[in-house]
Amino acid sequence: MSKEVLLDVRHLTQQFHLTKKIKVKAVDDVSFQIHKGEIFGLVGESGSGKSTVARCLMNIYQPAQGEIWYKRCKYLRQKRNSKSIKKKCCRPARQMIFQDSASSLNQKMKVSDIITEPMRIQHITPPRGSFVKEAAFQMEYVGLENSFLDRYPSELSGGQRQRVAIARSLCME
């Protein structure tokens, strides 16, 4: 019995324009699938395009070519100033935890607001009844005390910031 395909990346290519005439390919014809329950690692040398692939998966970058499918939902390449219903249907289910925890958290927001921000943006009612209770639950789940909820990222260690990023991701289940 084959496992459900969660993510299907087909012939992904991404390029960046250095000038109007000069382009650099950061990712060239990458394809892979991730199945339900599978652990997947994308490895490569520095500058090989791993982060670019991740940003394409999160729709931070629009791929130059190729297709990305998430749970049978195809990401559409969008023209500027247009919206896509299919892109929107995948957003809440995907969360990214970046390696650099210092730059991935808003330094002007308290930890409690950082954790619950995705739920607020997606207009999701917290399973535990309030955003405060949800943030406290997620903090406990990642092994941090609730006293950290009123702190700012600059007041945390790198490992604590990474746990906050994990808690933010988990609140979206």
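Residues numbered from 1 in each chain as written. Predicted model: local features only at pLDDT ≥ 70, side-chain atom pairs only at ≥ 80, totals over all residues. Heavy atoms only, no water.

Draft legend 1. Quick peek at the overall build of the protein chain. Tallying secondary structure elements over the protein chain gives six helices and four strands in all. Reading the protein chain from its N terminus to its C terminus gives the helix and strand order β-β-α-β-β-α-α-α-α-α. The contacts in the protein chain between residues at least 6 apart in sequence include a share of 55% that link residues at least 24 apart. (Helix = DSSP H or I, 4+ residues; strand = E, 2+ residues; numbered from the N terminus. Contact = heavy atoms within 4.5 Å.)

Draft legend 2. Inspection of a nonpolar patch on the surface at higher detail. Taken together, the side chains of Ile97, Phe137, Tyr141, Ile166 and Leu170 define a hydrophobic patch exposed on the protein surface, amounting to about 440 Å² of accessible area. Position of Ile166 among the secondary structure elements: in helix 6 (residues 158-170). (Patch = residues over 30% accessible without salt bridge, like charges linked within 9 Å, V, L, I, M, F, W, Y side chains within 5 Å. Areas by Shrake-Rupley, 256 points an atom, 1.4 Å probe, with all protein chains shown as cover. Salt bridge = Lys/Arg side-chain N within 4 Å of Asp/Glu carboxyl O.)

Draft legend 3. Looking closely at the environment of Phe16. The topology assignment puts Phe16 in strand 1 (residues 5-17). Residue classification places Phe16 among the partly exposed positions, given a relative accessible area of 30%. Along the chain, Phe16 and Ala26 lie 10 residues apart, while their C-alpha atoms are 7.1 Å from each other. (Buried < 20%, exposed > 50% of the residue type's maximum accessible area, 1.4 Å probe, protein only.)

Draft legend 4. Local environment of the packing of aromatic side chains. As enumerated under the stated definition, the model contains three aromatic pairs in all. For the ring pair Phe16 and Tyr61, a centre distance of 5.2 Å and an interplane angle of 80° mean the geometry is edge-to-face. Here Phe16 is found in strand 1, whereas its partner Tyr61 is found in the loop between helix 1 (50-57) and strand 3 (65-70), with 45 residues between them in sequence. Each ring, one from Phe137 and one from Tyr141, has its centre 6.2 Å from the other, and the planes form 20°; the classification is stacked. Highlighted residues: Phe137 and Tyr141, both in helix 5 (residues 131-141), separated by four residues, approximately one helical turn. Its relative accessible area of 60% is what places Tyr141 among the exposed residues. A cation over an aromatic ring shows up here: Arg120 above the ring of Phe131, its NZ or CZ 4.0 Å from the ring centre. (Phe/Tyr/Trp six-rings, centres within 6.5 Å; stacked < 30°, edge-to-face > 60°. Lys NZ or Arg CZ within 6 Å of the ring centre and 35° of its normal.)

Draft legend 5. Highlighting the packing of helix 4 (residues 111-121) against helix 5. Their axes nearest at 9 Å, the elements helix 4 and helix 5 cross at an angle of 110°. Relative to helix 5, helix 4 is oriented roughly perpendicular. In this structure, helix 4 meets helix 5 at a crossing whose hand is right-handed. Only Phe131, Glu134, Ala135, Gln138 and Met139 of helix 5 make contact with helix 4, whose side of the interface consists of Val111, Ser112, Ile115, Thr116, Met119 and Arg120. Looking at the contact of helix 4 with helix 5, its residues break down into six nonpolar, three polar and two charged. (Axes fitted to C-alpha atoms, helices over the stretch in contact; angles between N-to-C directions. Parallel < 35°, antiparallel > 145°, perpendicular 65-115°, else oblique. Left-handed = near helix turned anticlockwise from the far one by under 90°. Nonpolar A, V, L, I, M, F, W, Y, C, P; charged D, E, K, R; others polar.)

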